[in-house]
6 protein chains.
Amino acid sequence: MIGQSGIAVRNILRADPASVVALGQYGVATIHEAMGRSGLLAPWMRPIFPGAKLAGTAVTIFAHPGDNWMLHVAAEMLRPGDVAVLGTSSENADGMFGDLLATSFRARGALGLVIDAACRDVRELAEMGFPVWSKRVSAKGTVKATLGSVNTPIICAGALVHPGDVIVADDDGVVVVPKAQAVEVAVAAAKREAKEAATRQRLAAGELGLDVYGMRENLHRAGLRYLESEADYAALGQAVR
Amino acid sequence: MIGQSGIAVRNILRADPASVVALGQYGVATIHEAMGRSGLLAPWMRPIFPGAKLAGTAVTIFAHPGDNWMLHVAAEMLRPGDVAVLGTSSENADGMFGDLLATSFRARGALGLVIDAACRDVRELAEMGFPVWSKRVSAKGTVKATLGSVNTPIICAGALVHPGDVIVADDDGVVVVPKAQAVEVAVAAAKREAKEAATRQRLAAGELGLDVYGMRENLHRAGLRYLESEADYAALGQAVR
Amino acid sequence: MIGQSGIAVRNILRADPASVVALGQYGVATIHEAMGRSGLLAPWMRPIFPGAKLAGTAVTIFAHPGDNWMLHVAAEMLRPGDVAVLGTSSENADGMFGDLLATSFRARGALGLVIDAACRDVRELAEMGFPVWSKRVSAKGTVKATLGSVNTPIICAGALVHPGDVIVADDDGVVVVPKAQAVEVAVAAAKREAKEAATRQRLAAGELGLDVYGMRENLHRAGLRYLESEADYAALGQAVR
Amino acid sequence: MIGQSGIAVRNILRADPASVVALGQYGVATIHEAMGRSGLLAPWMRPIFPGAKLAGTAVTIFAHPGDNWMLHVAAEMLRPGDVAVLGTSSENADGMFGDLLATSFRARGALGLVIDAACRDVRELAEMGFPVWSKRVSAKGTVKATLGSVNTPIICAGALVHPGDVIVADDDGVVVVPKAQAVEVAVAAAKREAKEAATRQRLAAGELGLDVYGMRENLHRAGLRYLESEADYAALGQAVR
Amino acid sequence: MIGQSGIAVRNILRADPASVVALGQYGVATIHEAMGRSGLLAPWMRPIFPGAKLAGTAVTIFAHPGDNWMLHVAAEMLRPGDVAVLGTSSENADGMFGDLLATSFRARGALGLVIDAACRDVRELAEMGFPVWSKRVSAKGTVKATLGSVNTPIICAGALVHPGDVIVADDDGVVVVPKAQAVEVAVAAAKREAKEAATRQRLAAGELGLDVYGMRENLHRAGLRYLESEADYAALGQAVR
Amino acid sequence: MIGQSGIAVRNILRADPASVVALGQYGVATIHEAMGRSGLLAPWMRPIFPGAKLAGTAVTIFAHPGDNWMLHVAAEMLRPGDVAVLGTSSENADGMFGDLLATSFRARGALGLVIDAACRDVRELAEMGFPVWSKRVSAKGTVKATLGSVNTPIICAGALVHPGDVIVADDDGVVVVPKAQAVEVAVAAAKREAKEAATRQRLAAGELGLDVYGMRENLHRAGLRYLESEADYAALGQAVR
């Protein structure tokens with residue numbers, strides 16, 4: 001049950017490493033499109049420094065507002081290639097994560113953190129090159145008093161994340177790929193990327209998307225009226241206002 | 001009529017190129033002041049990379065939430081020196097614009113984009129040096145299903161923009177100068193800039209704005225009381241709280 | 001009385017310079033923790049460029065929305081090592097501060113500005129290396145028509161600031177240390193920093209926070225259940241959903 | 001020019017009274033649809049009491065944040081049947097309007113107020129039955145120090161309003177009908193209303209919109225797949241998660 | 001897969017009717033507590049009129065911003081006792097639902113709607129007594145152009161909802177109870193309610209929660225210091241500020 | 001020190017009861033003006049039912065996000081005529097307060113609650129006639145794990161509140177009057193009210209504020225230009241746009 005507290009699952013099934021590597025080659029936008037335009041976390045999740053990028057497997061954390069106890073429990077579950085992903089039981093923007101936890105997470109092999117709350121020590125994290133996607137930056141400290149869970153399904157920034165799912169994050173945001181679909185999404189992303197490369201060339205050469213994508217017919221059918229000038233527009237009888 | 005869908009105007013009257021060049025020498029804040037403190041788009045419009053700057057003529061786009069079809073229609077209307085400016089029929093923060101459209105826009109000679117929604121592929125756009133001012137960054141994809149308009153008057157981020165108006169944008173935000181006022185605003189901006197340069201020197205030398213701007217008299221008339229110490233303040237009978 | 005207009009106090013008691021220097025060695029998060037997790041301004045206060053950092057004594061400014069008159073009055077009160085701190089009588093995000101005021105403030109010896117409103121000319125400010133923490137960036141100009149106060153107690157971004165208090169600000173935000181507590185907070189911060197350095201080493205070596213901080217006992221007492229696998233979790237009788 | 005200060009226009013052309021009466025028969029949603037889904041103010045504009053409703057001609061006010069001077073200037077311009085409509089030069093939520101101004105406005109024959117800022121004395125206004133649509137309720141007082149304008153074109157809550165335009169407001173929000181289109185929009189609204197009445201009867205009788213609007217064909221063409229059961233959904237090969 | 005478009009499932013397993021009736025006796029807060037403080041939708045979901053209350057089984061709808069096509073598809077799936085629950089692929093606040101759809105939904109036996117977007121015709125809906133919980137009220141119309149899904153798992157206002165789950169909503173918000181847990185949650189809610197009734201009596205008689213809940217020991221252990229007066233507080237050496 | 005945890009002060013100096021009664025006769029807006037436009041809590045503090053009104057003395061509570069333990073500690077400190085006022089250490093919108101606590105508070109003689117977080121059981125509270133001003137309504141439950149303080153100075157919704165200060169709240173919001181100023185503010189409010197009554201009569205009789213307040217001279221001096229018609233406005237050389 002989503003939102004259940006007091007559970008920590010030690011061993012989880014992670015997405016196939018090869019599929020993680022494959023997905024890591026593509027941007028978040030490409031993967032989101034390859035999944036039928038799904039899987040994105042809400043756009044308020046922003047990297048704490050530009051150029052941050054990662055692809056890894058999720059260790060999920062469910063925490064309560066102003067309480068980062070479960071991040072310590074999660075540290076023990078992290079393995080090389082993992083990404084910690086934290087959702088909260090209600091809206092919160094306290095600084096649950098800083099450079100000490102980052103030091104610990106890195107020592108465990110974690111690649112980064114996705115947290116639907118705030119983080120702090122952002123300068124130190126940038127210097128460490130430890131990437132975090134968070135809702136906010138805040139120095140606000142937290143307590144360690146209330147149990148949440150580790151490695152149970154969570155909602156993070158409006159997206160459902162299961163332990164072991166693939167997380168890809170870059171400057172555009174964060175996307176989650178269910179572990180069972182990782183391979184097929186990687187294949188679809190590759191196809192999309194290839195197609196886009198061809199399109200990019202045509203567009204760079206000055207061709208219009210209207211022609212490359214063959215949109216003119218649909219626009220016409222939808223009723224788009226082309227006018228030659230602003231005067232024609234005014235002549236429609238509508239005051240230009 | 002603002003908000004009318006289904007129209008695309010091919011030829012528009014653009015502001016005089018010389019006035020665009022002239023305005024491009026000044027910052028957004030200076031131009032806004034030179035217009036009698038008007039013309040700004042809402043401050044939620046932020047550049048996707050620091051140092052972005054442009055001055056160009058507006059090709060306007062009216063679009064519906066989650067639908068970027070009209071950006072493709074607009075591409076055909078863009079000419080060298082233009083800036084695409086997109087307003088929506090209701091609040092939206094989907095990623096309507098990415099590197100493929102930027103490739104196409106650049107091939108058409110466009111200088112950048114101002115979009116009251118989100119854009120994506122921000123790393124690629126930064127690498128291309130294609131500047132975008134947007135409300136948000138989001139990887140969220142859009143559809144191409146509903147007609148809006150191109151080159152009709154729009155509201156973008158709370159400002160009225162006519163096709164052909166001058167758009168100036170920098171790290172401080174975005175300002176629109178009506179094409180009919182472009183010359184006089186450029187002149188006013190030049191005067192303001194000259195005056196500010198002189199003021200800057202005096203302030204740098206340690207003179208106070210109170211004296212440079214002659215404010216002491218007005219402050220006195222408005223009733224400002226100078227107290228010598230915090231003790232005097234406490235003695236006013238008001239607990240320091 | 002908080003929120004009283006029409007007063008400017010010329011001479012204030014400032015925190016001991018040595019304590020300011022001492023506090024300047026620590027990050028905002030560390031100082032906040034050293035104060036018993038208090039003293040932070042709201043996290044919407046962000047630096048206008050990355051890497052900004054300062055520690056100084058507060059000259060306080062109380063202003064009304066859309067009116068920056070009091071910033072000019074404050075300039076005269078600024079001494080080397082001061083930080084101007086501005087709170088408003090109601091929510092506002094106009095660009096009250098720009099490069100001219102920064103030139104004047106710097107000439108007076110001020111280190112930077114903390115403003116619960118917006119600033120502009122952010123590129124010029126970054127080039128000057130004049131740090132500002134603000135709620136927003138906005139080119140919107142203001143008037144000089146209504147009296148506020150200078151060097152009276154204010155609320156800035158939800159925190160109470162007295163003239164002469166210590167302000168420390170970095171990439172994580174802004175913290176205010178009451179002048180009477182500056183020395184003891186600096187001592188507490190030093191202790192905390194020393195302790196964290198030792199902890200950091202242990203965590204970097206792969207020890208877990210669970211052990212370093214001795215959390216296992218408390219987690220057990222609180223009832224945390226460790227499960228070996230996702231299958232065990234499912235077997236709890238709760239559908240994995 | 002939108003946003004110009006210091007102008008008050010005494011006599012304006014108002015929409016034809018008969019068209020105002022006609023439009024007043026319809027809800028805001030109906031009129032918005034009858035205008036091709038345009039004309040709405042942003043949805044943050046809410047009535048201060050439920051059941052508020054009006055239709056009248058706009059007297060426009062442009063004001064600066066925290067300053068309600070222009071509302072007094074506008075009072076003189078109000079005639080029976082008018083609605084005061086106020087936009088600001090930047091985001092503001094101060095209580096610019098209360099029961100004294102409402103008393104004055106009512107004495108002038110005004111029907112209500114639409115204000116992209118806050119109002120106060122909401123209990124008294126409700127008792128008077130004087131309707132206001134505002135962004136917020138706030139007791140925060142304002143000054144009378146800076147000129148704006150009266151009866152010039154304004155942007156209010158993201159919509160362009162000219163003096164004399166028709167304003168219709170109800171529990172769903174506020175819509176502006178350009179005076180030149182008032183008659184045709186009233187006709188279109190009447191048609192729409194008639195059509196909806198017939199549809200309502202069919203739907204109330206249990207017919208489905210799919211059939212009433214003939215949507216099945218389009219849904220099929222768009223590729224909608226009907227599955228008989230959740231088992232069939234699971235069998236698609238996608239874990240139900 | 002959450003967020004998949006183009007699917008409509010005709011027959012779903014609904015929670016046991018008796019458990020729905022049982023849950024309908026309790027408030028949203030009670031049920032949320034009975035579920036171990038889980039299951040709530042985000043608090044931005046508000047009823048469109050005070051006193052609205054319902055308990056029913058979810059028919060889920062996944063829709064795209066500004067597009068209400070799927071609400072029509074869902075109408076066919078609704079059975080007596082159902083509640084339509086709509087989540088969107090990205091943040092949206094357009095008025096997707098009004099009195100015509102309400103008429104249709106009611107004819108199908110639906111009890112109400114929970115929609116993470118806006119609704120309109122709120123006055124008519126209140127007169128019909130058709131309850132809606134939404135993010136906003138907006139007259140903004142939508143299109144019918146893009147497929148979403150019906151009766152697949154969705155995220156609505158940050159909560160995971162499966163078709164057939166129990167939805168309880170009142171003035172405090174909305175809670176979802178997974179169908180498999182409906183019976184046990186109803187039992188737990190009954191117990192909690194009984195216990196609260198006893199507590200209420202004791203509190204009404206003047207007993208303190210400190211004693212009723214036996215908190216004094218824990219407060220003491222946590223270190224709470226009771227001071228007799230504000231003088232004692234000041235004497236702690238901390239300026240009362 | 002603001003934000004110190006772990007203290008509960010048993011006996012506080014309360015504002016003179018007569019001054020509380022006197023202040024209770026006036027609205028929040030009037031008192032705010034009588035204090036020189038100061039003392040307001042932020043406008044996000046809204047009553048949970050219309051018509052709520054109170055005037056009492058503050059028992060202050062400092063709490064951490066998601067933790068309502070201190071509300072139970074505060075109950076013991078409440079005396080007849082008190083108003084509980086709660087501020088938090090960081091932004092929070094959990095439902096810290098419901099009908100059980102209200103039952104207890106009422107049994108202690110408290111008049112109501114002002115809470116910069118959320119409350120729940122709002123229907124029951126309305127039926128009890130127990131008024132609450134909060135930031136939000138939310139059913140989200142909280143824990144009792146972390147010490148805050150009772151009867152120390154707090155920041156609530158951006159305002160400084162000392163124990164014993166007068167709190168007046170109505171449909172317009174909440175204002176705090178420092179206990180030392182309660183008498184003089186009551187006198188000033190009475191004067192303002194008397195003056196407003198006279199003004200109201202003149203305005204109701206059709207006199208203009210321009211004349212009642214003698215504004216014409218100042219408007220003229222500020223440079224307001226009256227134009228006779230929209231044609232004159234257009235003739236200024238500015239396109240009506």
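Nothing here was measured: the structure is a model prediction, and the numbers come from that model. (Residues numbered from 1 in each chain as written. Chains lettered and ligands numbered in written order. Predicted model: local features only at pLDDT ≥ 70, side-chain atom pairs only at ≥ 80, totals over all residues. Heavy atoms only, no water.)

1. Some remarks on the overall build of chain A
Part 1 of the reasoning: Counting secondary structure elements, chain A contains nine helices and 13 strands.
Part 2 of the reasoning: Each principal axis of the C-alpha atoms in chain A carries an extent, and together these give about 70 × 45 × 40 Å.
Part 3 of the reasoning: Here chain A holds 241 residues, and the buried ones make up 66% of them.
Part 4 of the reasoning: With the model as given, the accessible surface of chain A reaches about 7,700 Å², and the carbon-plus-sulfur share is 54%.
Part 5 of the reasoning: Here chain A carries 24 positive and 25 negative side-chain charges, and the mean point of each set is 3 Å from the other. (Helix = DSSP H or I, 4+ residues; strand = E, 2+ residues; numbered from the N terminus. Buried < 20%, exposed > 50% of the residue type's maximum accessible area, 1.4 Å probe, protein only. Areas by Shrake-Rupley, 256 points an atom, 1.4 Å probe, with all protein chains shown as cover. Lys, Arg positive; Asp, Glu negative; His and termini not counted. Charge placed at Lys NZ, Arg CZ, Asp CG, Glu CD.)

2. Notes on the interface of chain C and chain B
It is common to give the size of an interface as the accessible area lost on bringing the parts into contact.
Part 1 of the reasoning: With 45 residues of chain C at the interface, the matching set in chain B holds 43 residues.
Part 2 of the reasoning: Regarding the contact of chain C and chain B, the summed buried area is about 3,700 Å², with carbon and sulfur atoms giving 59% of it.
Part 3 of the reasoning: The interface formed by chain C and chain B holds six salt bridges in total.
Part 4 of the reasoning: Put simply, lysine 179 of chain C and glutamate 230 of chain B hold a salt bridge, and the shortest N to O gap is 3.2 Å.
Part 5 of the reasoning: On the surface where chain C and chain B come into contact, there are 16 residue pairs in polar contact (both at pLDDT 80 or more).
Part 6 of the reasoning: Mapped by element, the contributors of at least two residues to the side of chain C that touches chain B are strand 1 (7-11), helix 3 (69-75), helix 4 (99-107), helix 5 (122-128) and strand 7 (132-137) of chain C.
Part 7 of the reasoning: Where strand 13 (residues 225-229) of chain B and strand 1 of chain C come together, four bridges link them in parallel fashion. Of the residues in strand 1 of chain C, the one forming a bridge with arginine 225 of chain B is isoleucine 7 of chain C. (Contact = heavy atoms within 4.5 Å. Buried area = accessible area lost by both parts, 1.4 Å probe. Salt bridge = Lys/Arg side-chain N within 4 Å of Asp/Glu carboxyl O. Polar contact = N/O pair within 3.5 Å; in protein donor to acceptor, adjacent residues only side chain to side chain. Pairing = 2+ DSSP bridges.)

3. Focus: the packing of helix 6 (residues 182-204) of chain D against helix 4 (residues 99-107) of chain E
Part 1 of the reasoning: Put simply, helix 6 of chain D and helix 4 of chain E touch, their axes get as near as 8 Å, and they point 15° apart. Compared by their axis directions, helix 6 of chain D and helix 4 of chain E come out roughly parallel. With respect to the hand of their crossing, helix 6 of chain D and helix 4 of chain E are arranged in right-handed fashion. Residues Glu196, Thr199, Arg200, Leu203 and Ala204 of chain D of helix 6 of chain D form the contact with helix 4 of chain E, whose own contacting residues are Asp99, Leu100, Thr103, Ser104 and Ala107 of chain E.
Part 2 of the reasoning: Class assignment of the residues belonging to the contact of helix 6 of chain D with helix 4 of chain E gives a composition of four nonpolar, three polar and three charged. (Axes fitted to C-alpha atoms, helices over the stretch in contact; angles between N-to-C directions. Parallel < 35°, antiparallel > 145°, perpendicular 65-115°, else oblique. Left-handed = near helix turned anticlockwise from the far one by under 90°. Nonpolar A, V, L, I, M, F, W, Y, C, P; charged D, E, K, R; others polar.)

4. With respect to the relation of the copies chain C and chain B
Part 1 of the reasoning: Superposition record for chain C on chain B: RMSD 0.0 Å, screw rotation 120°, translation along axis 0.0 Å. Within this description, the copies of the chain are treated as partners about a three-fold rotation axis. The rotation axis passes nearest to the C-alpha of proline 50 of chain C in chain C, at a distance of 6.3 Å. (Least-squares fit on C-alpha atoms with pLDDT ≥ 70 in both.)

5. Examining the interface of chain C and chain A
Part 1 of the reasoning: Taken together, the contact pairs 43 residues of chain C with 44 residues of chain A.
Part 2 of the reasoning: By the criterion of area lost to chain A, the three top residues of chain C are Asp172, Glu230 and Tyr233 of chain C, representing 16% of everything that side buries.
Part 3 of the reasoning: Between chain C and chain A we count six salt bridges in total.
Part 4 of the reasoning: A salt bridge links glutamate 33 of chain C to arginine 120 of chain A, with the shortest nitrogen-to-oxygen separation between them at 2.9 Å.
Part 5 of the reasoning: If you look at where chain C meets chain A, you find 16 residue pairs in polar contact (both at pLDDT 80 or more).

6. Section: unusual backbone geometry
Part 1 of the reasoning: Of note in this structure, alanine 157 of chain B is not a glycine but carries a positive phi near 50°.
Part 2 of the reasoning: Mapped onto the fold, alanine 157 of chain B is located in the loop between strand 9 (154-156) and strand 10 (159-161).

7. With respect to the state of the cysteines
Residue and element names in this part refer to chain A.
Part 1 of the reasoning: A complete count under the given rule lists zero disulfides over all chains for this structure.
Part 2 of the reasoning: Unpaired in this structure, cysteine 119 has its nearest cysteine sulfur neighbour in cysteine 156, at a distance of 13 Å.
Part 3 of the reasoning: By relative accessible area, cysteine 119 is classed as buried at 0%. (Disulfide = S-S within 2.5 Å.)

8. Let's talk about the environment of tyrosine 213 of chain C
Part 1 of the reasoning: The topology assignment puts tyrosine 213 of chain C in the loop between helix 7 (209-212) and helix 8 (216-222).
Part 2 of the reasoning: Sequence separation between tyrosine 213 of chain C and isoleucine 12 of chain C is 201 residues; the distance between their C-alpha atoms is 43 Å.
Part 3 of the reasoning: Apart from the residues within four sequence positions on either side, tyrosine 213 of chain C is in contact with His72 and Leu100 of chain A together with Thr199 and Leu203 of chain C.

9. Re the pairing of strand 6 (residues 112-119) of chain F
Residues and elements named next belong to chain F.
Part 1 of the reasoning: When you tally the buried positions in strand 6, you get eight out of eight residues, the bulk of the element.
Part 2 of the reasoning: The pairing of strand 4 (residues 82-88) with strand 6 spans four bridges and is parallel. Within strand 6, the position partnered with leucine 86 by the bridge is isoleucine 115.
Part 3 of the reasoning: Note: strand 5 (residues 95-97) against strand 6, two bridges, orientation parallel. Within strand 6, the residue paired with phenylalanine 97 across the bridge is cysteine 119.
Part 4 of the reasoning: Crossover handedness for the path strand 5 to helix 4 (residues 99-107) to strand 6: left-handed. (Right-handed = clockwise from strand over helix to strand, strands pointing away.)

10. Focus on the confidence of the model for chain A
As a general rule, the predicted coordinates of low-pLDDT regions are not to be interpreted in detail.
Part 1 of the reasoning: Averaged over all residues, the pLDDT of chain A equals 96, while 98% of them reach at least 70.
Part 2 of the reasoning: Taken together, the chains of this predicted complex give a pTM of 0.97 and an interface ipTM of 0.95. (pLDDT = per-residue confidence, 0-100.)

11. Digging into the packing of aromatic side chains
Part 1 of the reasoning: Scanning the model with the defined rule gives 12 aromatic pairs over all chains in all.
Part 2 of the reasoning: Joined through ring pairs, the aromatic side chains of Phe97, Phe105 and Phe130 of chain A make up one cluster.
Part 3 of the reasoning: Against the face of tyrosine 226 of chain D rests arginine 10 of chain E, its NZ or CZ located 4.2 Å from the ring centre.
Part 4 of the reasoning: The side chain of lysine 135 of chain E reaches across the aromatic face of tryptophan 44 of chain E, ending 5.7 Å from its centre. (Phe/Tyr/Trp six-rings, centres within 6.5 Å; stacked < 30°, edge-to-face > 60°. Lys NZ or Arg CZ within 6 Å of the ring centre and 35° of its normal.)

12. Points about the pattern of salt bridges
Part 1 of the reasoning: Considering all chains together, one arrives at 90 salt bridges over all chains under this definition.
Part 2 of the reasoning: A salt bridge links arginine 216 of chain B to aspartate 211 of chain B; the shortest N-O distance between them is 2.7 Å.
Part 3 of the reasoning: Residue classification places arginine 216 of chain B among the partly exposed residues on the basis of a relative accessible area of 33%.
Part 4 of the reasoning: Aspartate 211 of chain B sits in the partly exposed class, given a relative accessible area of 40%.
Part 5 of the reasoning: Among the charged side chains, a salt-bridge network with shared partners connects Glu33, Arg192 and Glu196 of chain A together with Arg120 of chain B.

13. Topic: the environment of threonine 57 of chain F
All names here are of chain F.
Part 1 of the reasoning: When you line up the elements, threonine 57 lands in strand 3 (residues 54-63).
Part 2 of the reasoning: Ignoring anything within four residues of it in the chain, the contact list for threonine 57 reads Arg14, Ala15, Val20, Gly81, Asp82, Val83, Gly164 and Asp165.
Part 3 of the reasoning: Among the polar contacts made by the side chain of threonine 57, one reaches the side chain of aspartate 82 at a distance of 2.6 Å.

14. Some details on helix 4 (residues 99-107) of chain D
Part 1 of the reasoning: With seven of nine residues buried, helix 4 of chain D lies mostly within the body of the structure.
Part 2 of the reasoning: Regarding helix 4 of chain D, the residues found buried are Asp99, Leu100, Leu101, Ala102, Thr103, Ser104 and Phe105 of chain D.
Part 3 of the reasoning: Buried residues along helix 4 of chain D sit in contact with helix 3 (69-75), strand 4 (82-88), strand 5 (95-97) and helix 5 (122-128) of chain D together with helix 6 (182-204) of chain F.
Part 4 of the reasoning: Just downstream of helix 4 of chain D, glycine 109 of chain D is the residue with a positive phi angle, here 100°.

15. Describing the pairing of strand 3 (residues 54-63) of chain C
Residue and element names in this part refer to chain C.
Part 1 of the reasoning: Burial analysis of strand 3 places 10 of its 10 residues in the buried class, which makes it a mostly covered element.
Part 2 of the reasoning: One ladder, built from seven bridges, connects strand 3 with strand 4 (residues 82-88); its direction is parallel. Following the sheet pairing, threonine 60 is matched in strand 4 by valine 85.
Part 3 of the reasoning: For the segment spanning strand 3, helix 3 and strand 4, crossover handedness is right-handed.

16. Remarks on the side chain of serine 19 of chain A
Residue and element names in this part refer to chain A.
Part 1 of the reasoning: In this fold, serine 19 is placed in helix 1 (residues 17-23).
Part 2 of the reasoning: For serine 19, a relative accessible area of 4% translates into the label buried.
Part 3 of the reasoning: In this structure the side chain of serine 19 is engaged in a polar contact, spanning 2.6 Å, whose partner is the backbone oxygen of aspartate 16.

17. Structural notes on the environment of valine 150 of chain D
All names here are of chain D.
Part 1 of the reasoning: Considering the arrangement of structural elements, one finds valine 150 in strand 8 (residues 149-150).
Part 2 of the reasoning: Here the alpha-carbon distance between valine 150 and valine 9, two residues 141 residues apart in the chain, equals 6.2 Å.
Part 3 of the reasoning: Those residues in contact with valine 150, other than ones at most four positions away along the chain, are Ile7, Ala8, Val9, Val59, Thr60, Met70, Val73, Ala74 and Met77.

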